[in-house]
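An overview of the molecular structure
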2 protein chains.
Amino acid sequence: MNKIKVAVFFGGKSFEHDVSILTGIQVIQAIDITKYEPFPVYVDSDGYWWTGDALLDTRNYPISDALKSKLLNVSLQAGEATIRPSLKIINAPLFGKKRIPFDIAFLAFHGAEGESGAFQGLFETLNVAYTGADVISSSVYMSKIATKQICKSLNINVLSETIISKPVNEEFIDIESLLKEVKVSYPLCAKPANLGSSVGVCKVSNKEELSSALLDIFKMDNTAILEPFVENLIEYNIAVMKNLDGEIITSVIESPNNENTFLSFKDKYLSENGAKKKGLNISAMPSDELIESRRKFQPTLTKKQEDFITQSAKSLFDFMGATGNPRIDFLSNKKTGEIWLNEVNPIPGAFAFYLWQNSTHHISYTELIDIIIENGFKNYDKRQYEINLKTSDSSIFKKK
Amino acid sequence: MNKIKVAVFFGGKSFEHDVSILTGIQVIQAIDITKYEPFPVYVDSDGYWWTGDALLDTRNYPISDALKSKLLNVSLQAGEATIRPSLKIINAPLFGKKRIPFDIAFLAFHGAEGESGAFQGLFETLNVAYTGADVISSSVYMSKIATKQICKSLNINVLSETIISKPVNEEFIDIESLLKEVKVSYPLCAKPANLGSSVGVCKVSNKEELSSALLDIFKMDNTAILEPFVENLIEYNIAVMKNLDGEIITSVIESPNNENTFLSFKDKYLSENGAKKKGLNISAMPSDELIESRRKFQPTLTKKQEDFITQSAKSLFDFMGATGNPRIDFLSNKKTGEIWLNEVNPIPGAFAFYLWQNSTHHISYTELIDIIIENGFKNYDKRQYEINLKTSDSSIFKKK
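Residues numbered from 1 in each chain as written. Chains lettered and ligands numbered in written order. Predicted model: local features only at pLDDT ≥ 70, side-chain atom pairs only at ≥ 80, totals over all residues. Heavy atoms only, no water.

Brief notes about the side chain of Thr131 of chain B
Residues and elements named next belong to chain B.
- Along the chain, Thr131 turns up in the loop between helix H3 (118-125) and helix H4 (135-142).
- Looking at Thr131, the relative accessible area reads 2%, which means it is buried.
- Reaching out from Thr131, the side chain makes a polar contact with the backbone nitrogen of Leu107 at a distance of 2.9 Å.
- With residues up to four places along the chain from it excluded, the contact list for Thr131 reads Ile104, Ala105, Phe106, Leu107, Ile372, Ile373 and Gly376. (Helix = DSSP H or I, 4+ residues; strand = E, 2+ residues; numbered from the N terminus. Buried < 20%, exposed > 50% of the residue type's maximum accessible area, 1.4 Å probe, protein only. Polar contact = N/O pair within 3.5 Å; in protein donor to acceptor, adjacent residues only side chain to side chain. Contact = heavy atoms within 4.5 Å.)

Side note on helix H3 (residues 118-125) of chain A
All names here are of chain A.
- Counting buried positions along H3 gives eight out of eight residues, so the element sits mostly inside the fold.
- Considered for burial, the residues of H3 that qualify are Ala118, Phe119, Gln120, Gly121, Leu122, Phe123, Glu124 and Thr125.
- In the segment just after H3, Asn127 is the residue with positive phi, at about 60 degrees.

Details of the relation of the copies chain A and chain B
- Mapping chain A onto chain B calls for a rotation angle of 180 degrees and an axial translation of 0.0 Å; the resulting RMSD is 0.0 Å. Such a combination of turn and shift is consistent with a two-fold rotation axis.
- Mapped onto chain B, 99% of the interface residues of chain A are again interface residues, and the two copies thus contact each other with one and the same surface. (Least-squares fit on C-alpha atoms with pLDDT ≥ 70 in both.)

Brief notes about a negative patch on the surface
Residues and elements named next belong to chain A.
- Negative charge collects at one region of the surface, where Asp174, Glu176, Glu208 and Glu209 lie side by side.
- Its location among the elements puts Glu208 in helix H7 (residues 207-217).
- With a relative accessible area of 60%, Glu208 lands in the exposed category. (Patch = residues over 30% accessible without salt bridge, like charges linked within 9 Å, V, L, I, M, F, W, Y side chains within 5 Å. Areas by Shrake-Rupley, 256 points an atom, 1.4 Å probe, with all protein chains shown as cover. Salt bridge = Lys/Arg side-chain N within 4 Å of Asp/Glu carboxyl O. Lys, Arg positive; Asp, Glu negative; His and termini not counted. Charge placed at Lys NZ, Arg CZ, Asp CG, Glu CD.)

Here we look at the sheet that holds strand E11 (residues 223-228) of chain B
Residues and elements named next belong to chain B.
- If you walk across this open sheet you meet the four strands as E8-E11-E9-E10, and the pairing is antiparallel. Strands at the two margins of the open sheet, each flanked by one partner only, are strand E8 (162-165) and strand E10 (202-204). Looking at each pair of strands side by side, their axes are set apart by 30 degrees on average, direction ignored.
- Sheet topology note: the strand E9 (residues 188-192)/E11 ladder contains five bridges and is antiparallel. Residue pairing in the sheet places Pro192 in a bridge with Ala224 of E11.
- Sheet strands touched by helix H5 (residues 144-153): E8, E9 and E11. Its angle to E11, the strand with the most contacts, is close to 45 degrees. (Pairing = 2+ DSSP bridges. Axes fitted to C-alpha atoms, helices over the stretch in contact; angles between N-to-C directions.)

Okay, here's the thing in structure tokens:
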């Protein structure tokens, strides 16, 4: 039987470029190789695409120029419609193979264009099957502001917001005049509007702190969001997706350990121990101990709170077309019990596999990857069907 | 002085494929050739891209296989990061040129992936400058449902809706059981959720009509929207964009002539007379007479109505990031004076140039194209800036 060939894409021009490398390698380690034949496609920070087994070893990063000369530089051609997609080998040797055919692109990007709809649009335009959220839900989820507005219209509780845009192309940012019109009460929480993870998020207690927080945020994002600061903060996360029967299911709820919100990526994702336990010679797998030390599964919640988290996640996911397997994050005031939907991660770190593993569905990382791929093919089939509907008639130039 | 080379993309796998051909040719006819050097890139219904002067003559459509053999089949390579974008000529003769460099992609698509964010994502991934709305606003505008939700959250008046999804992959659609849970009052208006123009929109007075309307819509779209039928219907359209100073401006308001809503594309866009008047030997330009016979500029409105139309258009456009030059369509009950924002066309037919031409800004088609291109470059510069911000740090694999 021919295995399904899976091109696992990771890297990209993103703040979370390095974490994406780890997620990509994890997918290749955890995938069911009796069914799938995976291979890595690493997108470097300049936009070049590379493949080769050396990309599976975390010790080879950052990729040196010497190593690049031993990798295959590959590309996809837009404007060429083929039966089976294939990567063209740009630096193919004269008598070597010129093409690497594959069946589906597995997107293991975090942040920026790989998670925000742009790469998704590339694959749709080229008519290539790909995994995860589609163009519109990727782009809406990645915009904290757009997500908030959709939630409001669905009556999902969110914090009120003030939006501050950076004056573009100005060398000196006049924060004073920028804040002149802004009416906020302190303390508040300032964050970048379009960045994933907790990068750049901070508590602000007065105007001076706000000025300096904005200057920091504007180094990473053109738009800042100010929200009321949630006292006695506790966070809750939940993952949501369609299972193989097409039903929308949710994972266990977790409460991440907040003692050190700004965990370094290294702490968060790498663990020699975890890799060794699984018999892997490279260290991309987080250990169970690491996962458990960082989060608490099934935190104590009232029925009403649990229902709010589960139902909001389902209803937002369903409204956005039910593609992908996002993790949805909530904020809560532990004393008052109030909860707000905070943001959505269309491609959460490690695909939030630990939330599925610890859920009543008991879905392993390997099973999760299988579901993600099967749903990718289903979405592809649905799109083909829609394209055929939409091109079935055109009226002006029809020849008699 | 070197002219800016503009690749004008049109066609695509869309219901409005043919209209897009006309808009594409219009752009090449109307563009300022002292500043720009345009050339056509025709995307056929199979996804192949073609260029060549024969594509500028409407009489050559649909393109025959014989003609295709004389055209250049071109492609863009994802995974290849070059200083200046260039189309690769796939069927290049052995000693002929292999590449066509260009500076910006001008998107003249209507409907489907060219207007819905997918093509936009392709160009963002490939780091190519392109015109019009960005990925998120293209995808939101093209979804009537998402647009409605954003409007609600911005307190812009829209009609209430009931959404009915087609059961996917079922050969026989059981409309009875689909409608069992649906509570609506008649008459109502049924329409496809994701198609542009007025295709598939109809008035429904009872359950039998609804069943048959849904079966029709499900031939074109997987989702139908039901809205209250607006009595004494009159429509108003307005265009909105950023001018070269970065200010958000709106066009004149038009009331399209509704006596025959289902104008054929041919009637709507083609006119031998219009082309001749402008000294063109091909007939892609609508005549002024045709334009005026189909619409009424500056219809009688109260100050409040005019403010609602203008302010809603500006506020939605601004909220979505102020890219592109959409036309925003409103519905009104002529007797009661109520107005609802109906839908947004990210790439309206003929770029709604007649709305700008007849506005107080007196912007000609040629000037409009110039503004669209200049804004495309501005958005490109903004994205480069954001990419640089977002990739300025990565922490795991940094070499000492």
